[in-house]
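Spelled out, the chains give:
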Amino acid sequence: GNSVTQMEGPVTLSEEAFLTINCTYTATGYPSLFWYVQYPGEGLQLLLKATKADDKGSNKGFEATYRKETTSFHLEKGSVQVSDSAVYFCALSDNTNAGKSTFGDGTTLTVKP
Amino acid sequence: EADIYQTPRYLVIGTGKKITLECSQTMGHDKMYWYQQDPGMELHLIHYSYGVNSTEKGDLSSESTVSRIRTEHFPLTLESARPSHTSQYLCASRGNTGELFFGEGSRLTVL
């Protein structure tokens, strides 16, 4: 079956530091890949997505590239802010009729001023 | 802005009570999902629906039930709540390219 493995947290960074959260996946076929963010007390919201190999998703300074050869979708940001503190989930969608998503376990990011 | 709504946001009830968590979306999405999120933040799929009158159990066994009588409405019911049901429940619908739109969640506490 499908699976997503993401970097264990928690991750603590100082403001303006570089962020990488690793994500690798196992899937049959050609899934779409996503990063979601969850702020305290809220549901998840889509941060960025990529639907095919070599696509780069980007939003709010975050980027991730769909690497089929390494089955990876690492999240990066050049300069984090305190407001980026949240839980980040890597996920894939299998594009079958059920369209079920598979999520990683989440990585908690804390950014200190 | 996602147009998916969950009520109540917070609920504290006693053991044995029946509860229904409401979820509604105005995007016309066919596929909808319920996830249970534990304190460790992992998401567990407990129910999903392909469309009206279609419901399936998810990967995590749950004593809850769901119904899908209308496209926009996907309520979750617990006939007799127990402390082990204490959790956060997240409802989501699926967009055309596979992205999920989540509600803000319903945090249930059973005493």
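Further up the page is the structure itself.
Residues numbered from 1 in each chain as written. Chains lettered and ligands numbered in written order. Predicted model: local features only at pLDDT ≥ 70, side-chain atom pairs only at ≥ 80, totals over all residues. Heavy atoms only, no water.

Caption draft 1: Broad picture of the overall build of chain B. Counting its secondary structure elements, chain B contains 0 helices and 11 strands. Put simply, chain B runs from its N terminus to its C terminus through helices and strands in the order β-β-β-β-β-β-β-β-β-β-β. Here the C-alpha atoms of chain B give a radius of gyration of 13 Å, agreeing with the 13 Å that 2.2 N^0.38 yields for 111 residues. The C-alpha extent of chain B, read off along each of the three principal axes, is 40 × 30 × 25 Å. Split into buried and exposed, the 111 residues of chain B put 48% on the buried side. (Helix = DSSP H or I, 4+ residues; strand = E, 2+ residues; numbered from the N terminus. Rg over C-alpha atoms; globule rule 2.2 N^0.38 Å. Buried < 20%, exposed > 50% of the residue type's maximum accessible area, 1.4 Å probe, protein only.)

Caption draft 2: Looking closely at the state of the cysteines. Evaluation of the coordinates by the stated rule reveals 2 disulfides over all chains. With a sulfur-sulfur separation of 1.9 Å, Cys 23 of chain A is cross-linked through a disulfide to Cys 90 of chain A. Judged by the torsion about the S-S bond (-70 degrees), the Cys 23 of chain A/Cys 90 of chain A disulfide is left-handed. Here the residue Cys 23 of chain A occupies a position in strand 4 (residues 23-26), and Cys 90 of chain A occupies one in strand 10 (residues 86-93), the gap between them amounting to 67 residues. Judged by its relative accessible area of 0%, Cys 23 of chain A falls in the buried class. Cys 23 of chain B shares a disulfide with Cys 91 of chain B; S-S distance 1.9 Å. With the S-S dihedral at roughly -75 degrees, the linkage between Cys 23 of chain B and Cys 91 of chain B falls on the left-handed side. Residue Cys 23 of chain B is found in strand 3 (residues 19-25), and its partner Cys 91 of chain B is found in strand 9 (residues 87-94); the two are separated by 68 residues along the sequence. (Disulfide = S-S within 2.5 Å.)

Caption draft 3: How the structure looks around the interface of chain B and chain A. On the side of chain A, 23 residues touch chain B, which itself brings 23 residues to the contact. Interface of chain B and chain A: buried area, both sides summed, is about 1,800 Å²; carbon and sulfur atoms make up 51% of it. At the boundary of chain B with chain A, the tally comes to 2 salt bridges. One salt bridge connects Lys 100 of chain A with Asp 59 of chain B, and the closest N-O pair in it is separated by 3.5 Å. In this structure, the connection of chain B to chain A is made through 5 residue pairs in polar contact (both at pLDDT 80 or more). For the side of chain B that touches chain A, the secondary structure elements donating two or more residues are strand 4 (32-37), strand 5 (43-51), strand 9 and strand 10 (100-102) of chain B. Take the side of chain B that touches chain A: its biggest share by element is 4 residues, from strand 5 of chain B. Of the residues assigned to the side of chain B that touches chain A, the class counts are 10 nonpolar, 6 polar and 7 charged. (Contact = heavy atoms within 4.5 Å. Buried area = accessible area lost by both parts, 1.4 Å probe. Salt bridge = Lys/Arg side-chain N within 4 Å of Asp/Glu carboxyl O. Polar contact = N/O pair within 3.5 Å; in protein donor to acceptor, adjacent residues only side chain to side chain. Nonpolar A, V, L, I, M, F, W, Y, C, P; charged D, E, K, R; others polar.)

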